[in-house]
Amino acid sequence: MQRHVTIIGGGVIGLSSAHALVRAGHCVTLIDAHAEVARETSHANGGQLSYRYVAPLADSGVPRQAIKWLLAGNQAPLKLRPNLDPAQWRWMTQFLGACNQRTHRASAAQMLSLALHSQAIMNEWRTRDALGEFAWQQRGKLVIHRDSAALDRAAAARVAPQDQQVLDARQCIALEPSLIHQQAHLSGGIFSASDETADCHAFCQALERKLQASGRYTRLASTRVAPLSAHDGRIAHLELTRADGRRERHAVDTLIIAAGNHATELVRPLGIRLPLQPLKGYSLTLPLPADTPKTAAPRISVTDAARKVVYADLDTRKSRQLRVAAMVDIGHRESDSFHPALDEKRIAALRQLASETFPDAGDFSQATPWAGLRPSTPKGPPILGRPQQAGRPDNLWLNVGHGSLGFTLACASGDLIARAISHETRPGTLLDTLPDHLAEQLGC
């Protein structure tokens, strides 16, 4: 049965949901607070589609490492800035409770299954739907380690040994010549040949072009949504404020919240408390000349495990860019959550790390800086499905909390929620509906 589905959120999660629903024959109205799609967390993220590297942030060693990171200054991968917000402390308590091997393994297996399904859906959309150019490449991902003990631990912890090859320093440099400058500091790495890179912002634009051509999609741009209200167990309408200040009502049949961090305020009047925290991250985008030497900038996706920095080559027929992303800041109080402020000290530290790793890639002082707020759950897996709280509206669905893996998990999240709405799947988390064989074939 064809439905009219309203989606709040114009990032990669909302657009992937919209595309999956339109493919299934439904009509979609997408409400976006911005004039253009992908203006927040989806705009300039890391660019890696790391389908086999989806381990949650919460792990048994994180509390101990966090103490060391707090003393590392602006180059620290994680920085905690406590405030008086009770929601932050509830999230931190739940996060610390998840920092154990049992919870980590369970969450990692769930996220891995979602990621592998996402890769399959991305391939289907990319090949069958003619989405156009969004800098997609499948050149693999190399996680480099600067310490032999860390390399040994990473090798032992591989989730897909048949697809994750352990390399020594010489082999890493042969695979990615631009690492020659790290030769003296490199112990080795783990290479996954099937992982991918792409430009998330360009992917969102490609999805919307396809949606607009479908005739079953409408976007209400520059439109804010008031916190939700329900009557007789359903959300009947949304209160909207348009760009010119006009207020209007939008009738609702089925509603998906894909608004990232803004979801918390939207559903609070319904008695739904979402365990989301905006974890701030940073990126740099460096233009690269077409004739950049192989020894200057990486062609494959590189993750510096010790420094927690990712590098992605975003190469199209028209331009080539190097995307550098890193850092997690917990506890920022943003005066404008739609446009998070740049921490100049963190940006300067990221420029320095990139310059040290790839000194011949270009002038990183000229790279475009960006900051985004990743909507994160304490355990790692996203909130996908109908709300679990008693008395929830029966036409409300959630697709939020993907953290730093929004691009990686978006296609699967959209596909699962579209299938559930199409077939009226029972209430509950859709992560339980993932194909079991995906995790089983990897020994999870």
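The model shown is predicted, which means the values in this text are computed figures rather than measured ones.

A separate point is the sheet that holds strand β13 (residues 254-257). Taken in spatial order, the 6 strands line up as β9-β2-β1-β13-β20-β19 in an open sheet, and their pairing is mixed. The strands lining the two open edges of the sheet, one partner per strand, are β9 (217-220) and β19 (383-385). Here the strands of the sheet are splayed against their neighbours by 20 degrees on average, with no regard to which way each runs. Against the sheet, helix α1 (residues 12-23) touches β1 (4-8), β2 (27-31), β9, β13 and β20 (396-400), its axis set at about 170 degrees to β2.

This paragraph deals with the nonpolar core. One finds I7 and F203 to be the most contacted residues of the largest nonpolar core, which totals 52 residues. Of all the secondary-structure elements, those providing two or more residues to this core are β1, α1, β2, α4 (101-128), α7 (200-214) and α10 (406-423). The leading source of residues in this core is α10, at 10 residues. Here I7 is in contact with G14, S17, A18, L21, V28, T29, L30, I31, I256 and A258, once residues within four sequence places are set aside. Membership of the second largest hydrophobic core comes to 32 residues, among which are L179, L284, A297 and A371.

What follows is about the packing of aromatic side chains. Considering all chains together, one arrives at 4 aromatic pairs under this definition. Plain terms: the ring middles of W91 and F95 are 5.2 Å apart, the flat faces sit at 10 degrees to each other, and that makes the pair stacked. A residue pair is termed a helical-turn pair when its members lie 3 or 4 positions apart in one helix, as W91 and F95 do in helix α3 (residues 86-97) at 4 residues. The class of F95 is buried, set by a relative accessible area of 4%. Site record: aromatic cluster; members linked through ring pairs are F134, F203 and F407. K141 extends its terminal NZ or CZ atom over the ring of Y53, reaching a point 5.2 Å from the ring centre.

A packed helix pair is summarised by two numbers, namely the angle formed by the two axes and the spacing between the axes. Viewed as axis vectors pointing N to C, α1 and α7 meet at an angle of 30 degrees, and their least axial separation amounts to 10 Å. In this structure, α1 crosses over α7, and the sense of that crossing is left-handed. Listed contacts from α7 to V12, L15, S16, A18, H19 and V22 of α1 are C200, F203, C204, L207, E208, K210, L211 and S214. Of the residues belonging to the contact of α1 with α7, the class tally is 9 nonpolar, 3 polar and 2 charged.

Cut-offs used in this document
Residues numbered from 1 in each chain as written. Predicted model: local features only at pLDDT ≥ 70, side-chain atom pairs only at ≥ 80, totals over all residues. Heavy atoms only, no water. Pairing = 2+ DSSP bridges. Helix = DSSP H or I, 4+ residues; strand = E, 2+ residues; numbered from the N terminus. Axes fitted to C-alpha atoms, helices over the stretch in contact; angles between N-to-C directions. Contact = heavy atoms within 4.5 Å. Core = buried A, V, L, I, M, F, W, Y, C linked by side-chain atoms within 4.5 Å. Buried < 20%, exposed > 50% of the residue type's maximum accessible area, 1.4 Å probe, protein only. Phe/Tyr/Trp six-rings, centres within 6.5 Å; stacked < 30°, edge-to-face > 60°. Lys NZ or Arg CZ within 6 Å of the ring centre and 35° of its normal. Left-handed = near helix turned anticlockwise from the far one by under 90°. Nonpolar A, V, L, I, M, F, W, Y, C, P; charged D, E, K, R; others polar.

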